[in-house]
Amino acid sequence: MTDDTARLKNFPISWFAMIMGMTGFSIAWNRAEHIFDTGFCISSVLLGVASILFVVLATIYAAKIVKYPQDVLGEIRHPVKLAFVPTFSSAAYLHIAPALSFWLWTVGAVLHLAITLYVLSSWIHHTKYEIAHLNPAWFIPVVGNILVPVAGVQHASPEISWFFFSLGLFFWPILTAIIFYRLIFHGSLPERFMPTLFIFIAPPAVGFISWFNLTGGVDAFARVLYFVGLFFTLLLLSQFNYFRRLKFFLSWWAYSFPIAAITIATLIMAKATGLALYTWLAAGLLGVLSLLVLMLLVRTALAVARREICVEGH
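In this report, we go over the structure that sits alongside the text. (Residues numbered from 1 in each chain as written. Predicted model: local features only at pLDDT ≥ 70, side-chain atom pairs only at ≥ 80, totals over all residues. Heavy atoms only, no water.)

### Regarding the overall build of the protein
Helix and strand counts for the protein stand at 13 helices and zero strands. Going residue by residue from the N terminus, the α and β elements of the protein occur as α-α-α-α-α-α-α-α-α-α-α-α-α. A compact globule built from 314 residues would reach a C-alpha radius of gyration of about 20 Å, and the protein, at 19 Å, matches this within 12%. Expressed as lengths along the three principal axes of its C-alpha atoms, the size of the protein is roughly 60 × 45 × 40 Å. For the protein, the proportion of its 314 residues judged to be buried stands at 49%. Sequence-distant contacts in the protein: of pairs separated by 6 or more residues, those separated by 24 or more amount to 78%. Split by element, the accessible area of the protein, about 14600 Å² in all, is 70% carbon and sulfur. (Helix = DSSP H or I, 4+ residues; strand = E, 2+ residues; numbered from the N terminus. Rg over C-alpha atoms; globule rule 2.2 N^0.38 Å. Buried < 20%, exposed > 50% of the residue type's maximum accessible area, 1.4 Å probe, protein only. Contact = heavy atoms within 4.5 Å. Areas by Shrake-Rupley, 256 points an atom, 1.4 Å probe, with all protein chains shown as cover.)

The following block contains the structure:
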């Protein structure tokens, strides 16, 4: 087996977490451009970059599906890697290309529901899962349904968005409780999965965005969702010195999309409330997100150049 063939065989589905981060980054900048009246449009460039990356990654993964179908099935059946399958559904074209956004949302929503049914069935009838397999990435396939109303309220009946939102909202506290039990009583996560702790930010932050879109305002429940997300952001950012010492893995991209979510949520709070506190906080979070994504792109490029990714066991 040649080196390139071996790298294709070991090309992980977790690469698509990068797309979640880049599309979230573009949405955050799109919101900021409207709220801060920046006078420039960097979000379109960012979305273009994310789209190109998605096409490249999807093409490579399609080649893996054709050449190594058993390895792909192994990822789908894997208790940890399974969580990253729904990251195919990421899209951010709502305000730039509404027609394309509609079709991406429709396909994404149907696929996400199918994956949710598959994942839940797998969890219920499993013979292989152990408490050590659990990490916050498990939020993605099931609680990720809470993301559907972000674009769904513009594309279809609000009843559909309420359906998906209800699914995500129901499973969020259940998985939160189980994952905290695992973290407290069964030791720390392996180093490669430590960045997934940032995913704790995503359900309340995305839930806030979806709730705002569904109800059209910031009410008491919206504030509960927002401040829970903000608390998790403060908790994890306060551990910066710990996270910066971790070895680089593709799981580092789990830092990006939760920070993008709380940034977008704060931008919405700034516009909805008109309070300067949220405006300054949103600007600060956008700066952190921008530096974070730049760092992740550089570290990922270096890892690819050094052939540290797509190798056995990484």
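### Quick look at unusual backbone geometry
You will see that R307, though not glycine, has its phi angle at about 55°, which is positive. Examined against the element boundaries, R307 turns out to sit in the segment after α13 (276–305). Judged by relative accessible area, R307 falls into the partly exposed class, the value being 42%.

### Topic: the packing of aromatic side chains
In this structure the tally under the stated criterion is 28 aromatic pairs. Taken together, a centroid distance of 6.0 Å and an interplanar angle of 70° make the contact between F16 and F54 edge-to-face. Here F16, found in the loop between α1 (3–9) and α2 (17–36), pairs with F54, found in helix α3 (residues 42–67); they are 38 residues apart in sequence, far enough to count as distant. Between F243 and Y255, the aromatic rings sit 5.9 Å apart at their centres with planes inclined by 85°, giving edge-to-face as the arrangement. With a gap of 12 residues between them, F243 in helix α11 (residues 240–243) and Y255 in the loop between α11 and α12 (256–273) connect regions that are remote in the sequence. Here F243 and Y255 have matching classes, each one buried. What links up through ring pairs into an aromatic cluster is the set F198, Y242, F243, F248, W252 and Y255. The aromatic ring of F193 is capped on one face by R192, whose charged end is 5.8 Å from the ring centroid. (Phe/Tyr/Trp six-rings, centres within 6.5 Å; stacked < 30°, edge-to-face > 60°. Lys NZ or Arg CZ within 6 Å of the ring centre and 35° of its normal.)

### Observations regarding the packing of helix α9 (residues 202–215) against α12
Contact geometry of α9 with α12 gives a least axis separation of 8 Å together with a crossing angle of 40°. Compared by their axis directions, α9 and α12 come out oblique. Handedness of the crossing formed by α9 with α12: left-handed. Contacts between α9 and α12 involve A202, A205, V206, F208, I209 and F212 from the first element and P258, A261, I262, I264, A265, I268, M269 and A272 from the second. Here the contact of α9 with α12 is composed, by residue class, of 14 nonpolar, no polar and no charged. (Axes fitted to C-alpha atoms, helices over the stretch in contact; angles between N-to-C directions. Parallel < 35°, antiparallel > 145°, perpendicular 65-115°, else oblique. Left-handed = near helix turned anticlockwise from the far one by under 90°. Nonpolar A, V, L, I, M, F, W, Y, C, P; charged D, E, K, R; others polar.)

### Section: a nonpolar patch on the surface
A contiguous nonpolar surface patch, about 770 Å² in accessible area, is contributed by I131, F170, I174, I178, F180, Y181, I184 and F185. Relative to the helices and strands, Y181 resides in helix α8 (residues 158–185). Owing to a relative accessible area of 42%, Y181 belongs among the partly exposed residues under this scheme. (Patch = residues over 30% accessible without salt bridge, like charges linked within 9 Å, V, L, I, M, F, W, Y side chains within 5 Å. Salt bridge = Lys/Arg side-chain N within 4 Å of Asp/Glu carboxyl O.)

### Details of α2
In a regular helix each residue adds 1.5 Å, so 20 residues correspond to 28 Å; α2 covers 28 Å between its end C-alpha atoms and thus fits that length. With respect to burial, α2 is a largely interior element, 15 of its 20 residues being buried. One or two steps after α2, the chain reaches D37, where phi turns positive at roughly 50°. (Expected span 1.5 Å × (residues − 1).)

### Examining the environment of T116
Inspection of the secondary structure assignment puts T116 in helix α5 (residues 98–124). In this structure, the C-alpha to C-alpha distance between T116 and M295, residues 179 residues apart in sequence, is 32 Å. Discounting residues that sit within four places of it in the chain, T116 has contacts with P141, V142 and N145. In terms of polar contacts, T116 uses its side chain to reach the backbone carbonyl oxygen of H112, at 2.8 Å. (Polar contact = N/O pair within 3.5 Å; in protein donor to acceptor, adjacent residues only side chain to side chain.)

Keep in mind that these numbers describe shape and distance, not what the molecule does.
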